[in-house]
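A structural walkthrough
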Amino acid sequence: MTQHDKNKFGEIVQPLIKYSEIYLTPLLLSFPSLLKIKVFNKITYSMYTKELDQYLKESLPYLKSIILTGLESHVCVLQTALDLLENGYEVHVINDAVASVESNELKSSLKRMKQSGVFLTSTESIIYQFLQSDDHPNFKNIDQLIFKRLNETKKK
């Protein structure tokens, strides 16, 4: 995980972790590796920094596919996706977990990423892909979270 210039914009990772612990406990229990988050501070728009490149090559040399979420999809997410593609990674962007201030920027960045070879997917699709089947020990808990989210979204 990266955060853009912590000194300038403040801490964003710890509130996300706290939120995750409160609302996403079944998901975190199902995938304990999500709790072992390494955070990289960055000042470039792309998160694919020298530090991240080194970490991936040394700690996760088998990693071939990366899932991206983030803010300002037309800036940080786009540049990261292009850099990862250029460095041989398969890139998946969760289209309902990225944002831009302007909706046109979001649409054009997703279109450009897709044209460049990025796979666009959704939060729900990725979660079920990780679960693989309803035999997963936490399937019911996670399914309830998704159902709750869908109902809340319909109310808005």
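One structure accompanies this document, and this report is about it.

How each quantity is defined
- Residues numbered from 1 in each chain as written.
- Predicted model: local features only at pLDDT ≥ 70, side-chain atom pairs only at ≥ 80, totals over all residues.
- Heavy atoms only, no water.
- Axes fitted to C-alpha atoms, helices over the stretch in contact; angles between N-to-C directions.
- Helix = DSSP H or I, 4+ residues; strand = E, 2+ residues; numbered from the N terminus.
- Parallel < 35°, antiparallel > 145°, perpendicular 65-115°, else oblique.
- Contact = heavy atoms within 4.5 Å.
- Nonpolar A, V, L, I, M, F, W, Y, C, P; charged D, E, K, R; others polar.
- Pairing = 2+ DSSP bridges.
- Salt bridge = Lys/Arg side-chain N within 4 Å of Asp/Glu carboxyl O.
- Buried < 20%, exposed > 50% of the residue type's maximum accessible area, 1.4 Å probe, protein only.

Attention shifts here to the packing of helix α7 (residues 123–131) against helix α8 (residues 139–155). Axis separation between α7 and α8 bottoms out at 11 Å; the angle between their running directions is 175°. The orientation of α7 with respect to α8, classified from their angle, is roughly antiparallel. Contacts between α7 and α8 involve Glu124, Ile127, Tyr128 and Leu131 from the former and Phe139, Ile142, Asp143, Ile146 and Leu150 from the latter. The residue inventory of the contact of α7 with α8, partitioned by class, reads seven nonpolar, no polar and two charged.

This brings us to the sheet that holds strand β4 (residues 90–99). Across a sheet, paired strands are connected by hydrogen bonds in the backbone, their directions being either parallel or antiparallel. Pairing is parallel across the open sheet formed by three strands, whose spatial order is β3-β4-β5. Only two strands of the sheet have a single partner each, and these edge strands are β3 (65–71) and β5 (119–121). Recorded for the sheet is a direction-independent mean angle of 30° between the axes of neighbouring strands. Packed on one face of the sheet, helix α5 (residues 73–86) meets β3 and β4 and runs near 165° to β3. Packing of α7 onto the sheet brings it into contact with β3, β4 and β5, and relative to β4 it is tilted by some 130°.

Under the criterion given, the structure shown has one salt bridge. With a closest N to O distance of 3.2 Å, Asp53 and Lys57 form a salt bridge. Here Asp53 and its partner Lys57 are both found in helix α4 (residues 50–59), four residues apart, which amounts to about one turn of the helix. The class for Asp53 is buried, based on a relative accessible area of 17%. For Lys57, a relative accessible area of 51% translates into the label exposed.

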